[in-house]
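So you can see what is in the structure, the chains are spelled out below.
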Amino acid sequence: MMWEIIYIFLGIGVAFNMLGSLGLIRFPDVYTRLHAGTKCTTFGSIFICFAIIAYGLWRWYDGEKEMISLAIHTFFAMIAILLTNPTGAHAIARAAHRSGVKPARAVVDDLEAKEGEND
Amino acid sequence: MNPFMIALVLVLVSVAIAIIRVLLGPTVPDRVVGLDTINTLVIAGMLLFGAAYKEIIYVDVAIVYALLSYITTLYIAKYLQGGKL
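Computed from a prediction, not measured in an experiment: that's the story for all the values here.

S.K.: Even after reading the chapter, I still don't get the interface of chain B and chain A, so can you show me in this structure?
M.R.: Frequently, the measure chosen for interface size is the accessible area that the parts lose on association. Tallying the contact residues gives 38 residues for chain B and 43 residues for chain A. Looking at the side of chain B that touches chain A, the elements that each hand over two or more residues are α1 (3-24), α2 (28-53) and α3 (57-80) of chain B. Sorting elements by how many residues they give to the side of chain B that touches chain A places α2 of chain B first, with 14 residues. Tallied by class, residues from the side of chain B that touches chain A come to 26 nonpolar, eight polar and four charged.

And the structure:
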C-alpha cells in the first residue's frame, strides 16, 4: 500500500520535472522558458520531497529508528526549495527585462510603461 | 530495482535536456534560466540519491546546495541588470 503512494508521488514529480525541461527546449522566448523551467520543476521537486517524506515516515513506523531524520531533513530541504526557487525566478525575470530582452510577439508591455514613469 | 534510482535516472535525463538549452541559448538570460533549472533538478536528484542509499548526509548537502545556488542566481541577476538590485 505504501509503495503505491510513493510510486504515485514519484511519478507526478518526475513527470513534471521532465515536462519542465521539455518546455525549456520548446518555448520561444526567455519569459515563457522561465515559466516552464521554474514553476514545473518547483512543483515536481515538491512531489519528490513528498515521496521521500512518506518513505522515511513509513520506514520509521516499521522500526528503523534513524529514518525519521531522513523525513525531517527532506522537509527542511522542501522548505528551502519553496522559499528560494520562486524568488530567484522573479529576480531573473526582472533582470532580463531590464537588460533589454523583449517578449516574443508581445503587443502590450505594461512593465516598460510603469518603469518609464518612475525614472 | 529501487524506485528512487529509476526516478534519479529520469531526473538526470531532464538535466541533460536542460544542458542543451544552456549550450544553445541565444541570449544570456536564456542560459541563466537553464542554469537555474539545472540547480533545482540537481537538488531533487540529491534528495533521491539520499533516499535510495538511505544516506542522510546527501539530504543535508541538498539543503546547502539549494541556498548557495539561490545566492548565485541572485548575483547573476544583479550583474545582468547592471549592478542595481
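Structure shown, so let's carry the discussion forward.
S.K.: Explanation requested: the environment of H97 of chain A in the structure shown.
M.R.: Among the structural elements, H97 of chain A can be located in helix α3 (residues 67-98). Remark: the alpha-carbon pair of H97 of chain A and P28 of chain A, spanning 69 residues in sequence, is separated by 16 Å.

S.K.: Is there a simple way to explain α1 of chain B in this structure?
M.R.: Along an α-helix, residues three or four positions apart point the same way, because every turn accommodates 3.6 residues. Compared with an ideal rise of 1.5 Å per residue, which puts 22 residues at 32 Å, α1 of chain B spans 32 Å between its outermost C-alpha atoms and is within 8% of the ideal. Against α1 (2-26) and α2 (30-61) of chain A together with α2 of chain B lie the buried residues of α1 of chain B.

S.K.: I would appreciate a short explanation of the packing of α2 of chain A against α2 of chain B in the present structure.
M.R.: To characterise two packed helices, one gives the angle between the axes of the helices and the distance between these axes. Look at α2 of chain A against α2 of chain B: their axes get within 10 Å of each other, and the N-to-C directions meet at 10 degrees. Relative to α2 of chain B, the element α2 of chain A is oriented roughly parallel. Every residue of α2 of chain B that contacts α2 of chain A at V30, R33, L34, G37, T38, T41, T42, S45, I48, C49, I52 and Y55 of chain A is listed here: P29, D30, V33, D36, T37, T40, L41, I43, A44, L47, L48 and A51 of chain B. Here the residues of the contact of α2 of chain A with α2 of chain B are counted per class, giving 14 nonpolar, seven polar and three charged.

Thresholds applied
- Residues numbered from 1 in each chain as written.
- Chains lettered and ligands numbered in written order.
- Predicted model: local features only at pLDDT ≥ 70, side-chain atom pairs only at ≥ 80, totals over all residues.
- Contact = placed C-beta atoms within 7 Å.
- Helix = DSSP H or I, 4+ residues; strand = E, 2+ residues; numbered from the N terminus.
- Nonpolar A, V, L, I, M, F, W, Y, C, P; charged D, E, K, R; others polar.
- Expected span 1.5 Å × (residues − 1).
- Axes fitted to C-alpha atoms, helices over the stretch in contact; angles between N-to-C directions.
- Parallel < 35°, antiparallel > 145°, perpendicular 65-115°, else oblique.

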